[in-house]
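Structural features, examined
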Amino acid sequence: MSTKKLIGLYGGAFDPVHNAHIEIAKNCINEVGLAKLILIPTGRSSFNKEMSPAMDRMAMLKLAFTSSSYEVSSLEIKHSEKSKKNLSYTIETIKYFFGRDKNTYLLIIGTDALANMSDWYNWQEIIKYCHILVVNRSEMSVFTQIWNPKITKLINDHSTTQLTDLQCKRAGSLYFISMPMIDISSSMVRQYIKNKKNLDGIIPFQIEKYILENLLY
């Protein structure tokens, strides 16, 4: 009988992928013992966010995450390519993976995303199909931060400090991990490239090389 695996789902524009993304992924694997982490670049944003071509964002992710512990999924990109009306909704992505096999999936988000989660399409359904792994990059405890009432209720009803809750059930828990603040964002990287600033320690060399060779940003 096969054992159910804990698998992380880490979505985002990744435009471009940078060192903070990489550190978050590593921390999630190490802290929770994930068997694998799947990176899912956004196809077409439901918030009308403009992004670089999908093929470039996919290529950069594959350059940044070469270990067998990682997988880059084109699920949302392929969905958006079928029709201009097809937007990327987290709930649909989560439901796809939940139904694909019997493994346990953990949606990886930051506290900034958690704060705005109640704006997402069918957001209250997400916890029914996965656990939510929240990366706290703030010095403040999540339990002392001020959230909107809907998110406060989500935290109060579903938070756990026990890894066994993630291992024994396929869905229903919020689990928080802390990591040092890394002050890097994709918008900052794009601005650095535009202004020809030094990118050491901000993005991997192979990503910088790809960006320059393909005239991105």
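Everything below is about the structure printed above this text.
Residues numbered from 1 in each chain as written. Predicted model: local features only at pLDDT ≥ 70, side-chain atom pairs only at ≥ 80, totals over all residues. Heavy atoms only, no water.

So, on to the sheet that holds strand 2 (residues 36-41). Within the open sheet, the seven strands sit side by side as 3-2-1-4-5-7-6. Their pairing is parallel. The sheet is open, and its two edges are formed by strand 3 (70-72) and strand 6 (159-160), each paired on a single side. Bridge count for strand 2 against strand 3 is three bridges, and the pairing is parallel. Bridge pairing in strand 3 links L39 to V72. Of the strands in this sheet, strand 2 and strand 3 touch helix 2 (residues 54-64), which is tilted by about 155 degrees from strand 2. (Pairing = 2+ DSSP bridges. Helix = DSSP H or I, 4+ residues; strand = E, 2+ residues; numbered from the N terminus. Contact = heavy atoms within 4.5 Å. Axes fitted to C-alpha atoms, helices over the stretch in contact; angles between N-to-C directions.)

Counting 40 residues, the largest nonpolar core has C28, V32, L34, L37, L39, F65 and I108 as its most contacted members. The dominant element in this core, judged by the number of residues it contributes, is helix 1 (residues 19-32), at seven residues. The contact partners of L39, leaving out residues within four places of it in the chain, are Y10, F14, L61, F65, Y70, E71, V72 and S73. (Core = buried A, V, L, I, M, F, W, Y, C linked by side-chain atoms within 4.5 Å. Buried < 20%, exposed > 50% of the residue type's maximum accessible area, 1.4 Å probe, protein only.)

What follows is about helix 8 (residues 186-194). Taken together, the buried positions of helix 8 are occupied by S186, V189 and I193. The buried residues of helix 8 occupy one face: seen down the axis, they fall within an arc of 55 degrees. Elements in contact with the buried residues of helix 8: helix 1 and helix 9 (205-213). (Arc of directions from axis to C-beta.)

Read these as layout, nothing more, since geometry by itself doesn't imply function.
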